[in-house]
Amino acid sequence: MTSTKILSVNRWGNGWGIRLPKEFVENANINENSQVKASMTEKGLLITHERKHIPLAERFKNYTGDYKGEIIDWGEDVGGEICD
């Protein structure tokens, strides 16, 4: 999907800021504190969403294997939940 909009560049403290339209933010899956990468190409400024890859080993580095499942009582059966 390609979409183009004219955006304003404004001073923001000692730097410059561009406000992104809601449509762009939603389609790029960007949220507050997301990181983007700005690059200069022969065609101009390119802004891309940086998704940090976290290896599986790092995701589980604090996992101790002590997980204990629990049974939750959701109440009486009301339909065809039980299959024989």
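Use the structure listed above.
Since the model is a prediction, treat every value here as computed from it, not as a measurement. (Residues numbered from 1 in each chain as written. Predicted model: local features only at pLDDT ≥ 70, side-chain atom pairs only at ≥ 80, totals over all residues. Heavy atoms only, no water.)

Draft legend 1. Broad picture of unusual backbone geometry. Positive phi values are uncommon outside glycine, yet Asn29 reaches one of about 55°. Mapped onto the fold, Asn29 is located in the loop between helix 1 (22–27) and strand 3 (35–41). Look at Asn29 and you get exposed, because its relative accessible area is 53%. Of note, the phi angle at Asn33 is positive, near 75°, even though the residue is not glycine. In this structure Asn33 comes out as exposed when scored by relative accessible area, which is 73%. (Helix = DSSP H or I, 4+ residues; strand = E, 2+ residues; numbered from the N terminus. Buried < 20%, exposed > 50% of the residue type's maximum accessible area, 1.4 Å probe, protein only.)

Draft legend 2. Quick look at the layout of surface pockets. Each pocket or cavity is described by its volume, and for the largest pocket that value is around 470 Å³. As for the largest pocket, its lining consists of 17 residues, of which Leu20, Phe24, Leu46, Ile47 and Thr48 are closest to the centre. Mapped onto the lining of the largest pocket, the elements with two or more residues apiece are helix 1 and strand 4 (44–50). Ranked by the residues each element gives to the lining of the largest pocket, the list is headed by strand 4, at five residues. Looking at the lining of the largest pocket residue by residue, the classes come out as twelve nonpolar, five polar and no charged. Estimated volume of the second largest pocket: approximately 310 Å³. For the second largest pocket, the lining is made up of 15 residues, of which Trp12, Ile18, Arg19, Leu20 and Val36 are closest to its centre. Contributions of two or more residues to the lining of the second largest pocket are made by strand 2 (15–18), strand 3 and strand 4. (1 Å grid on protein atoms, 1.4 Å probe; cavity = no way out; pocket = protein on both sides within 12 Å on 5 of 7 lines; lining within 4 Å. Points joined across faces, edges and corners; volume = space filled by probe spheres on them. Nonpolar A, V, L, I, M, F, W, Y, C, P; charged D, E, K, R; others polar.)

Draft legend 3. Here's a closer look at the pairing of strand 2. Both strand 1 (residues 9–12) and strand 2 contribute to a ladder of four bridges, which runs antiparallel. Bridging across to strand 2, Asn10 finds its partner in Gly17. Hairpin connection between strand 1 and strand 2: a loop of two residues separates the two successive antiparallel strands, and Gly13 in this loop has a positive phi of roughly 65°. (Pairing = 2+ DSSP bridges.)

Draft legend 4. Up close: the packing of aromatic side chains. Across all of its chains, the model carries one aromatic pair by this definition. Judged by centre distance (6.0 Å) and plane angle (85°), the rings of Phe60 and Tyr63 are edge-to-face. (Phe/Tyr/Trp six-rings, centres within 6.5 Å; stacked < 30°, edge-to-face > 60°.)

Shape descriptors only; they carry no functional weight alone.
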